[in-house]
Amino acid sequence: MLLRLGFSRDFNSSVYGVPTALSWITSPLGKHHFEGGFGCTHRIEFYDGNTSYDPFSMLTLQYRYTGKRGLLFRTGINYYGYSWYIYYPVNLHLTFSLGYSF
């Protein structure tokens with residue numbers, strides 16, 4: 001189990017995102033993993049002296065490959081549900097991550 005906390009910014013506007021999620025990884029000592037989790041993305045927008053806060057539900061399902069020292073690869077889908085304040089359609093996002101493990 002792990003707790004994730006992130007930060008994002010839309011550079012074309014004053015919109016910020018703070019995703020929080022509770023996740024789990026199968027076989028943490030192996031190379032091939034299933035990663036799943038659920039949480040909330042907190043969307044914060046600043047405009048004309050006002051602030052808008054809008055949380056979205058989130059579900060993550062991913063495959064993850066982690067080498068002992070070196071390649072880290074992750075792919076899967078993120079499901080973003082409805083906003084609690086404003087109606088938005090359900091969104092599925094494909095994800096791809098590439099990195100280095102040490």
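Each remark here, short or long, concerns the structure printed above.
Everything quoted here is computed from the prediction, not taken from an experiment.

Counting its regular elements, the protein chain contains 0 helices and 7 strands. Tracing the protein chain from N to C terminus, the helices and strands come up as β-β-β-β-β-β-β. In terms of principal-axis extent, the alpha carbons of the protein chain reach across some 50 × 25 × 20 Å. Here the protein chain holds 102 residues, and 28% of them are scored as buried. When the accessible surface of the protein chain is totalled, it reaches about 7100 Å², and 64% of it is carbon and sulfur. For the protein chain, the separation between the mean place of its 8 positive charges and that of its 5 negative charges on side chains is 22 Å.

Here we take up the environment of Phe56. With respect to the helices, strands and loops of the structure, Phe56 is situated in strand S5 (residues 50-66). Phe56 sits 21 residues away from Glu35 along the chain, and the two C-alpha atoms are 20 Å apart.

Our focus in this paragraph is the packing of aromatic side chains. A ring pair, where both rings are aromatic, is described by two values, the distance of the centres and the angle of the planes. Enumeration over the complete set of coordinates arrives at 3 aromatic pairs. Centre to centre, the rings of Tyr16 and Phe46 are 5.9 Å apart; their planes meet at 70°, and the pair counts as edge-to-face. Here Tyr16, found in strand S3 (residues 15-25), pairs with Phe46, found in strand S4 (residues 32-47); they are 30 residues apart in sequence, far enough to count as distant. Assessed through its relative accessible area of 22%, Tyr16 is described here as partly exposed.

Here the focus is the environment of Phe96. Within the secondary structure, Phe96 is located in strand S7 (residues 91-101). For Phe96, a relative accessible area of 57% puts it in the exposed group. For the pair Phe96 and Gly67, spaced 29 residues apart in sequence, the C-alpha to C-alpha distance is 16 Å. Setting aside residues no more than four positions away along its own chain, Phe96 makes contact with Phe73, Arg74 and Thr75.

Parameters and conventions
Residues numbered from 1 in each chain as written. Predicted model: local features only at pLDDT ≥ 70, side-chain atom pairs only at ≥ 80, totals over all residues. Heavy atoms only, no water. Helix = DSSP H or I, 4+ residues; strand = E, 2+ residues; numbered from the N terminus. Buried < 20%, exposed > 50% of the residue type's maximum accessible area, 1.4 Å probe, protein only. Areas by Shrake-Rupley, 256 points an atom, 1.4 Å probe, with all protein chains shown as cover. Lys, Arg positive; Asp, Glu negative; His and termini not counted. Charge placed at Lys NZ, Arg CZ, Asp CG, Glu CD. Phe/Tyr/Trp six-rings, centres within 6.5 Å; stacked < 30°, edge-to-face > 60°. Contact = heavy atoms within 4.5 Å.

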